[in-house]
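One letter stands for each residue in the lines below.
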Amino acid sequence: MLLKNLKELQSSKTSKALKLKSLYKLVAENGPIKTETLTELAQMKPATCARLLDELNALQLITTAELGESTGGRKPILYNINTEGVFLIGIELSKVYSTIVLMDLKLNMLDKIKISPEPYLSAYEMTDKLLPKIDALLFKNNISYEKVLGLGISIEHVVEHQLASKSLNEEFSELEALLRKKIPTYVTVGSGVHFAALAEFRLYYRQKTQRFLFTSCDTEVRGCAIIGNQFLTDTSATMNCFGHMTIDVKGLLCECGSYGCLNTLCSLDAIKNSIIHQIRRGKHSLLTSLVSTDDEINYHTIFQAIEMRDPLCIDALEEAAYYYGLAIANTILMLQPDIVVCGGTLIPKYTFFDTVKKTIETKLALFPNIKTEVYPASHAYEIVSQGAGAMVLEHLVN
Ligand SMILES: [Zn+2]
């Protein structure tokens, strides 16, 4: 019933439906919320707002709860979205970590399964691999597809650097079309950095700021700003330009054709290449005890060596953190966000985040009017999948 009403609201384009959607969006983003606050946020007349809330309530799209004791008269009512019996699925596929997450409409994680990271797969192979896993997750939780509002999936980390024959955009739409054919629910394929930015913002920072920047440092460095509740850049564009800002004009050649892009200095591949290069030049590293040839050196063995406090790997990590920090500081000078959140695989490694933060603070010390706060991503591991679910909700109300 709830899912049917949600879908009807989604497809309706009447002016009343638009008002209902915008009010539903406000309840979803801010609930539990009082009528007065909601009326203010919606910039509606109290009577109009109350009438639309009654309608959302009658459609069972929202729930009401009385709040504590009132000082006389009616008790204040708190509105929230109804999450009963409707679910979202978010999927992140990456070279390092892949997972399928089942969520409620509030993006609370209900269950998840990890999938082994894959090298490059075609859209067909990916669909064949994913479908039984999604079925298994739903079956385990006794949920059918009829109760799933939609599925969001991020694949950019799997297809990047494999662009010889097709563009990333083509890969995205091919997978989206295939999954839509096989799965009886809304499917969106998108970019992990947008998903992660949206989830971090919605779950933790919405109340604090309207100027928000999310960046992540992984196999590529990416960035995404949300200003005034809107993405600053087009979320359908799959190419992320953040990693191609020039940091060192005398640096290495980047795949884009320029020299010294951020990606060549602090991505996982940049760290790996620098470590292998130094080992080949005869520098000592504990890594050599973990592998039999340098061809076996990968992200996982490097992380293992970092845990063993290998000086060579730690130096490479610290240098990457310095360049990443500089790039963020440059972006802060331009965008002046209130809050920057740094995500990705490297953030929890040894002192990576501390060095990033220190580099930013040193650079910004000369600009005391800029009071940007920098935080590590809260739940670095599932945030992309949660954001994929959030993207399904955005589709519902926009
Ligand atoms: Zn580049």
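Details of the structure are given in the entry above.
This one's a predicted model, so the numbers in the text were calculated from it and none came from an experiment.

(A) Broad picture of the sheet that holds strand E11 (residues 230–231). Reading across from one edge, E11-E10-E9-E12-E13 is the order of the five strands in this open sheet, with mixed pairing throughout. One side of each edge strand has no neighbouring strand; the edge strands of this open sheet are E11 and strand E13 (373–376). Relative to strand E12 (residues 339–343), strand E9 (residues 211–217) runs parallel, the two sharing five bridges. The partner of serine 216 across the bridge, within E12, is glycine 343.

(B) Geometry of helix H5 (residues 123–140). Counted at 1.5 Å a residue, the expected span for H5 with its 18 residues is 26 Å, and the 26 Å between its end C-alpha atoms agrees. All buried positions along H5 are accounted for by Ala123, Met126, Leu130 and Ile134.

(C) Main features of helix H12 (residues 311–335). If you check H12, its first and last C-alpha atoms are 36 Å apart, about what 25 residues at 1.5 Å a residue would give, namely 36 Å. Note on H12: the residue one or two positions beyond its end, glutamine 336, has a positive phi of about 45 degrees.

(D) Inspection of the packing of helix H3 (residues 35–42) against helix H4 (residues 46–58) at higher detail. Running from N to C, H3 and H4 point in directions that differ by 110 degrees, and their axes come no closer than 10 Å. By the criterion of interaxial angle, the relationship of H3 to H4 is roughly perpendicular. Between H3, through Thr35, Leu38, Thr39 and Ala42, and H4, the contact on the second element is made entirely by Pro46, Cys49 and Ala50. When its residues are assigned to classes, the contact of H3 with H4 shows five nonpolar, two polar and no charged.

(E) Layout of the environment of leucine 366. Along the chain, leucine 366 turns up in the loop between helix H13 (352–364) and E13. Once the C-alpha coordinates of leucine 366 and glycine 343 are considered, the two residues, 23 residues apart in sequence, prove to be 26 Å apart.

(F) Representation of unusual backbone geometry in the model. Backbone torsion omega between glycine 31 and proline 32 reads 0 degrees, so that peptide bond is classified as cis. When you line up the elements, proline 32 lands in the loop between helix H2 (15–30) and strand E1 (33–34). The phi dihedral of arginine 309 falls on the positive side, at around 60 degrees, and the residue is not glycine. Of note in the backbone geometry, glutamine 336 takes a positive phi value of approximately 45 degrees without being a glycine. Considering the arrangement of structural elements, one finds glutamine 336 in the loop between H12 and E12.

(G) Representation of the nonpolar core within the structure. In terms of nonpolar packing, the biggest core is built from 101 residues, with Val27, Ile89, Cys266, Ala320 and Tyr324 touching the most fellow members. Leaving out residues up to four positions away in the same chain, alanine 320 has contacts with Leu265, Cys266, Ala270 and Ile271.

The rules behind these values
- Residue positions are given per chain, counting from 1 as you read along its sequence in written order.
- Where local features are concerned, this predicted model is filtered to residues with pLDDT of at least 70; where side-chain atom pairs are given and counted, the filter is 80 or more; whole-chain, interface and lining totals use all residues.
- Strand pairing is assigned whenever DSSP identifies at least 2 bridges connecting the two strands.
- Secondary structure counts use DSSP, requiring at least four H or I residues in a row for a helix and at least two E residues in a row for a strand, with both numbered from the N terminus.
- To estimate the expected span of a helix, count its residues, drop one, and scale the result by 1.5 Å.
- To assign burial, the other C-beta atoms lying within 10 Å of each residue's own C-beta are counted, with C-beta atoms placed from the backbone; 20 or more indicates buried, 12 or fewer indicates exposed, and intermediate counts indicate partly exposed.
- An axis is simply a line fitted to the C-alpha atoms; with a helix, the fit covers only the stretch in contact. Between two such axes, the angle follows the N-to-C directions and lies from 0 to 180 degrees.
- Angles below 35 degrees are treated as roughly parallel, those above 145 as roughly antiparallel, those between 65 and 115 as roughly perpendicular, and all remaining angles as oblique.
- By the criterion used throughout, residues are in contact when their C-beta atoms, derived from the backbone, lie within 7 Å.
- Only Asp, Glu, Lys and Arg are considered charged, only Ala, Val, Leu, Ile, Met, Phe, Trp, Tyr, Cys and Pro nonpolar, and every remaining residue, Gly among them, polar.
- Connectivity within a nonpolar core runs through C-beta atoms within 7 Å, and the core itself is a set of buried Ala, Val, Leu, Ile, Met, Phe, Trp, Tyr and Cys residues.

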